[in-house]
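The primary structure of each chain is shown beneath.
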Number of protein chains: 2
Amino acid sequence: MTNQQKNDFTSWYIDTIKKADLMDYTPVRGCIAFKPDGYEIWEHIQAEMDKRFKETGHRNAYFPMLIPESFFEKEKDHIEGFSPELPWVTEAAGEKLEERLALRPTSETMIGHLYSDWIKSYRDLPVLINQWANVFRWEKKTLPFIRTSEFLWQEGHTAHVDEVEARAETMQMLNIYKEVVEELLAIPVYDGQKTPSERFAGAIDTYSIEAMMKDGKAVQAGTSHYLGTKFAQAFDIKYLTKENKHEFVHTTSWGTSTRLIGSVIMTHGDEQGLVLPPRVAPTQVVLIPVGPWKKNPEIMEKLDEIFAQLKAQGIRVRLDDSDQSPGYKFNEWELKGVPVRVELGPRDLENNQALIKARDEDEKEAVELSALVARIEEELVTMQTRLLEKARAFREKHSHIHVDSLVQLKDHIADSTESGEIPGWILAGWCGVDACEEQVKEETKFTTRNIPFNPPAEKSSCINCGNEAKHTVWFGRAY
Amino acid sequence: MTNQQKNDFTSWYIDTIKKADLMDYTPVRGCIAFKPDGYEIWEHIQAEMDKRFKETGHRNAYFPMLIPESFFEKEKDHIEGFSPELPWVTEAAGEKLEERLALRPTSETMIGHLYSDWIKSYRDLPVLINQWANVFRWEKKTLPFIRTSEFLWQEGHTAHVDEVEARAETMQMLNIYKEVVEELLAIPVYDGQKTPSERFAGAIDTYSIEAMMKDGKAVQAGTSHYLGTKFAQAFDIKYLTKENKHEFVHTTSWGTSTRLIGSVIMTHGDEQGLVLPPRVAPTQVVLIPVGPWKKNPEIMEKLDEIFAQLKAQGIRVRLDDSDQSPGYKFNEWELKGVPVRVELGPRDLENNQALIKARDEDEKEAVELSALVARIEEELVTMQTRLLEKARAFREKHSHIHVDSLVQLKDHIADSTESGEIPGWILAGWCGVDACEEQVKEETKFTTRNIPFNPPAEKSSCINCGNEAKHTVWFGRAY
Ligand SMILES: [Zn+2]
Ligand SMILES: [Zn+2]
């Protein structure tokens with residue numbers, strides 16, 4: 001790698017995703033092309049999320065991408081939040097449009113408009129719909145996968161008879177996000193509630209899962225919103241109750257996006273490039289002949305056999321029989337983050353063994369050929385867990401729970417910078433006043449990540465004003 | 001159904017898709033919302049197509065939706081074909097853009113631009129990429145699923161060392177389309193080549209599969225294009241050959257879209273509404289208790305048991321235990337096109353049997369309970385084949401191979417109209433001159449569908465000028 005992770009994280013990140021061939025820039029500002037190895041990570045995320053959504057009774061649908069300007073104006077907070085970032089279609093087929101059409105940043109308004117027609121009675125509820133789609137937010141500063149003008153996501157939109165049911169849905173989906181991100185992507189997250197200033201535009205309550213990247217910055221990896229009756233009122237979504245009364249529905253929305261691709265890279269990558277958890281790796285195992293293998297045709301015969309066996313087990317395997325040197329190949333496949341490498345040379349064959357190496361470990365291991373496939377399968381499972389544990393240990397190390405005032409926070413940041421360490425996150429008390437949050441942000445760039453459901457400690461005084469803390473909050477710099 | 005299929009096909013179609021709850025109109029011109037039962041048909045199509053694409057070595061990627069105006073101008077035929085239908089983004093985040101950005105109608109230009117960078121050497125070839133995406137064509141006249149301003153599709157884009165390989169790819173993908181459309185959607189198609197006037201804008205050769213709807217009109221159900229080096233030249237996509245020479249790549253593109261949802265409805269639907277082939281039906285089997293079932297709890301017990309057994313077999317089953325009358329339910333589920341209905345009442349239970357009815361057949365069948373699950377599984381397979389056979393018989397009946405002049409065609413159309421029949425398609429000779437095609441279109445609205453690879457007869461003279469026929473062509477009215 002040209003750029004070092006520990007010296008210049010952003011350059012390291014760009015280097016890593018380019019060398020792993022995950023994406024390319026395009027001439028359209030902030031819009032990237034997802035190349036096959038990048039897109040396939042998303043496909044594995046999609047498959048797992050989609051399965052869980054359907055298991056919990058949701059169905060997919062598709063709504064128009066273009067949203068009339070007048071729709072946004074119906075929910076005041078919503079338009080305030082999103083209007084600065086909207087691209088607009090103003091002409092089509094050679095004619096100027098009468099009303100501008102926004103490229104959707106999210107679909108609450110269009111869906112609200114339609115739900116008002118689809119929902120008539122309690123019998124129509126709950127409505128449990130998800131959409132896989134592209135969305136647009138014309139951001140000033142972009143970073144591939146993490147923040148792009150166009151990105152891919154899923155957005156769930158549900159409607160319920162009352163607050164209790166809607167809040168249960170909000171929590172259920174946040175919990176699914178937590179499970180998928182931890183189990184599939186091996187990224188540990190804190191689940192909790194966003195502070196009012198960080199809420200989704202138009203939500204009553206926003207909940208998030210927050211992940212710590214290797215530079216200590218936070219990624220909001222998924223959000224789930226309880227929208228109350230705000231959109232129901234804006235779009236007149238009412239239903240007839242069993243008691244023959246007209247009531248507003250309570251709605252939720254929840255989303256995860258292709259920024260998860262960026263998160264997995266920033267969580268597991270190292271100085272040798274990408275490190276992918278086995279469950280989302282496009283290539284899980286690469287087989288490489290070593291030594292004078294061209295003179296020993298039995299090497300390739302054996303590798304072909306292993307290839308077929310792994311493939312039969314449903315493992316995504318590649319065999320690299322190109323003319324490059326083994327060293328070159330090792331480097332190439334490490335850059336791509338392939339979880340397990342298998343080496344086989346004439347001497348190995350003589351000893352009836354092969355060498356395997358996990359991408360995240362230093363040592364190679366000699367494995368008897370008869371046990372090889374089983375050992376690889378086992379290692380893919382072990383490595384998946386190990387990456388999660390490593391990321392968890394990293395996060396614990398950089399989660400600071402004894403920083404209790406703004407002065408201490410500034411000292412902590414200064415000390416970290418001086419010693420070449422990352423400042424990470426801090427857990428601190430907050431009185432609940434916006435101004436205190438704002439003050440911390442202005443002076444340190446640390447923002448509230450969320451109010452965790454299960455904080456490692458309880459804080460009693462506000463980090464800024466010292467008054468009684470209403471909440472114990474994670475603070476950190478965020479993407 | 002309010003509107004009859006045989007009297008007013010379009011109104012019948014709209015009625016059918018509304019009553020089956022497949023879609024809804026939206027305030028954005030020509031843009032529909034795909035409701036869950038409509039979208040799920042697409043999901044089944046996607047799953048099967050995607051599997052076949054991957055089996056043949058293709059991988060998915062994702063490219064930006066916005067395409068700079070200057071890109072279109074690089075390929076003359078392409079911009080001529082698409083510019084009349086483009087919507088444009090002209091402002092974003094409060095600022096006017098320096099260059100207009102089109103909402104993609106298809107992605108040859110963006111992908112061509114990127115491939116010129118991705119492809120350097122013969123070692124990089126072939127590039128076999130597919131994209132699942134939304135696309136825009138601002139059509140004047142729209143019809144849900146069949147022709148909408150925004151639709152969903154897949155577009156494959158491949159690059160090859162030479163014409164032979166690229167043409168083989170073009171044919172391979174057309175063949176996959178034919179297989180999926182016939183096997184999954186039970187829609188028989190004619191595969192063949194488009195005439196030059198009907199070619200994709202920018203293609204050397206366009207091939208299509210053409211399906212006959214129940215009103216005799218044709219739907220182009222999938223297309224595959226050999227693009228030669230036209231886009232390679234426009235975007236400078238060159239590679240270094242083994243002999244160290246710079247050559248243009250040969251590219252292909254191929255696509256199928258959500259218009260397949262419309263096609264399946266127009267192929268199989270009847271006066272009672274939707275008829276869905278089992279393989280794409282969101283609900284494959286519906287269980288309905290009949291007679292005084294509420295007084296006989298063992299009815300619901302038995303149905304719950306059958307439900308669980310079908311579910312365990314991977315069958316998409318619903319149990320309708322609502323308070324509506326059996327007659328009402330029968331009608332509702334027929335409107336939705338559910339392939340198999342199972343009725344169980346006290347008398348059936350006494351006789352240790354249930355009644356099953358296939359959506360496309362008139363008679364009910366009594367089946368012993370112990371054999372029920374197996375019989376249903378069998379019927380789902382049988383019905384799938386039967387629908388294809390019925391559609392094939394319908395197509396044969398309305399394919400006319402003895403209409404050999406424009407006068408005869410006009411007579412045939414007039415006779416059909418008079419006798420309340422549909423004119424269907426005709427197989428006729430064509431001399432290869434655009435003007436002859438144009439003349440037929442102007443006088444009859446019949447256009448060339450394709451030059452079938454396996455025509456049921458060979459024609460010797462042009463339908464318009466009577467000169468020697470170069471091609472035997474399907475003519476018909478088209479969507
Ligand atoms: Zn305070
Ligand atoms: Zn002619």
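Since we're looking at a predicted model, the values are computed, not measured.

J.: Would you mind going over the coordination of the zinc ion (ligand 2) in detail, with residue names and values included?
T.: Residue and element names in this part refer to chain B. For the zinc ion (ligand 2), the protein coordination sphere consists of Cys 431 (SG), Cys 436 (SG), Cys 462 (SG) and Cys 465 (SG), at 2.2 to 2.3 Å. Viewed at the metal, the four donor atoms of the zinc ion (ligand 2) are separated by angles of 104 to 113°, and the geometry they form is tetrahedral. A relative accessible area of 2% means that Cys 462 is categorised as buried.

J.: Can you explain unusual backbone geometry? Please cite residues and give values.
T.: Omega for the bond connecting Leu 125 of chain A with Pro 126 of chain A falls within 30 degrees of zero, at -5°, which places this linkage in the cis form. One can find Pro 126 of chain A in the loop between α5 (108-118) and β7 (127-136). A positive phi angle is found at Phe 145 of chain B, which is not glycine, with a value near 70°. Tracing the chain through its elements places Phe 145 of chain B in the loop between β7 (127-136) and β8 (150-160). With a phi angle near 55°, Asp 236 of chain B is a residue other than glycine that sits in the positive phi range. Residue Asp 236 of chain B is classed as partly exposed on the basis of its relative accessible area of 45%.

J.: Describe in detail the interface of chain B and chain A, supporting the description with residues and values.
T.: With 53 residues of chain B at the contact, the number on the chain A side is 53 residues. Interface area for chain B against chain A, summed over the two sides, is near 4200 Å², with a carbon-plus-sulfur share of 62%. Along the contact surface separating chain B from chain A lie eight salt bridges. Among the salt bridges present, the one from Lys 54 of chain B reaches Glu 43 of chain A, with a minimum N-O distance of 2.9 Å. Between chain B and chain A we count 28 residue pairs in polar contact (both at pLDDT 80 or more) in total. In terms of residue class, the side of chain B that touches chain A is made up of 34 nonpolar, five polar and 14 charged. For strand β5 (residues 87-92) of chain A and strand β5 (residues 87-92) of chain B, the ladder comprises five bridges, and the chain directions are antiparallel. Paired with Val 89 of chain A across the strands is Val 89 of chain B, a residue of β5 of chain B.

J.: Kindly report on the relation of the copies chain B and chain A, identifying the contributing residues and their values.
T.: Rotating chain B by 180° about the axis while translating it 0.0 Å along that axis superimposes it on chain A, leaving an RMSD of 0.0 Å. Taken together, the rotation angle and the small translation identify this as a two-fold axis. Identified as the residue of chain B closest to the rotation axis by C-alpha distance is Val 89 of chain B, at 2.1 Å. Take the interface residues of chain B: 100% of them recur as interface residues in chain A, which is what a same-surface contact looks like.

J.: Please set out the packing of aromatic side chains residue by residue, giving values where relevant.
T.: Residue and element names in this part refer to chain A. Enumeration according to the criterion identifies 34 aromatic pairs over all chains in this entry. For the pair Trp 42 and Trp 132, a centre-to-centre distance of 5.8 Å together with 75° between the ring planes defines the contact as edge-to-face. On the criterion of sequence distance, the pair formed by Trp 42 in helix α2 (residues 36-55) and Trp 132 in strand β7 is long-range, its members being 90 residues apart. Take Trp 42: its relative accessible area is 1%, and that puts it in the buried class. Between Tyr 115 and Trp 118, the ring centres sit 5.8 Å apart and the planes meet at 45°, which makes this aromatic pair tilted. Of this pair, Tyr 115 and Trp 118 both sit in helix α5, three residues apart, roughly one helical turn. A residue is classified by how much of its surface remains accessible, and Trp 118, at 14% relative accessible area, is buried.

J.: Give me the side chain of His 78 of chain B: which residues, what numbers.
T.: Along the chain, His 78 of chain B falls in helix α4 (residues 76-82). By relative accessible area, which is 0% here, His 78 of chain B ends up buried.

Parameters at a glance
- Residues numbered from 1 in each chain as written.
- Chains lettered and ligands numbered in written order.
- Predicted model: local features only at pLDDT ≥ 70, side-chain atom pairs only at ≥ 80, totals over all residues.
- Heavy atoms only, no water.
- Donors = N, O, S within 2.8 Å, 3.2 Å for Na, K, Ca; no water.
- Tetrahedral: all angles 85-135°; square planar, octahedral: opposite > 155°, others 65-115°.
- Buried < 20%, exposed > 50% of the residue type's maximum accessible area, 1.4 Å probe, protein only.
- Helix = DSSP H or I, 4+ residues; strand = E, 2+ residues; numbered from the N terminus.
- Contact = heavy atoms within 4.5 Å.
- Buried area = accessible area lost by both parts, 1.4 Å probe.
- Salt bridge = Lys/Arg side-chain N within 4 Å of Asp/Glu carboxyl O.
- Polar contact = N/O pair within 3.5 Å; in protein donor to acceptor, adjacent residues only side chain to side chain.
- Nonpolar A, V, L, I, M, F, W, Y, C, P; charged D, E, K, R; others polar.
- Pairing = 2+ DSSP bridges.
- Least-squares fit on C-alpha atoms with pLDDT ≥ 70 in both.
- Phe/Tyr/Trp six-rings, centres within 6.5 Å; stacked < 30°, edge-to-face > 60°.

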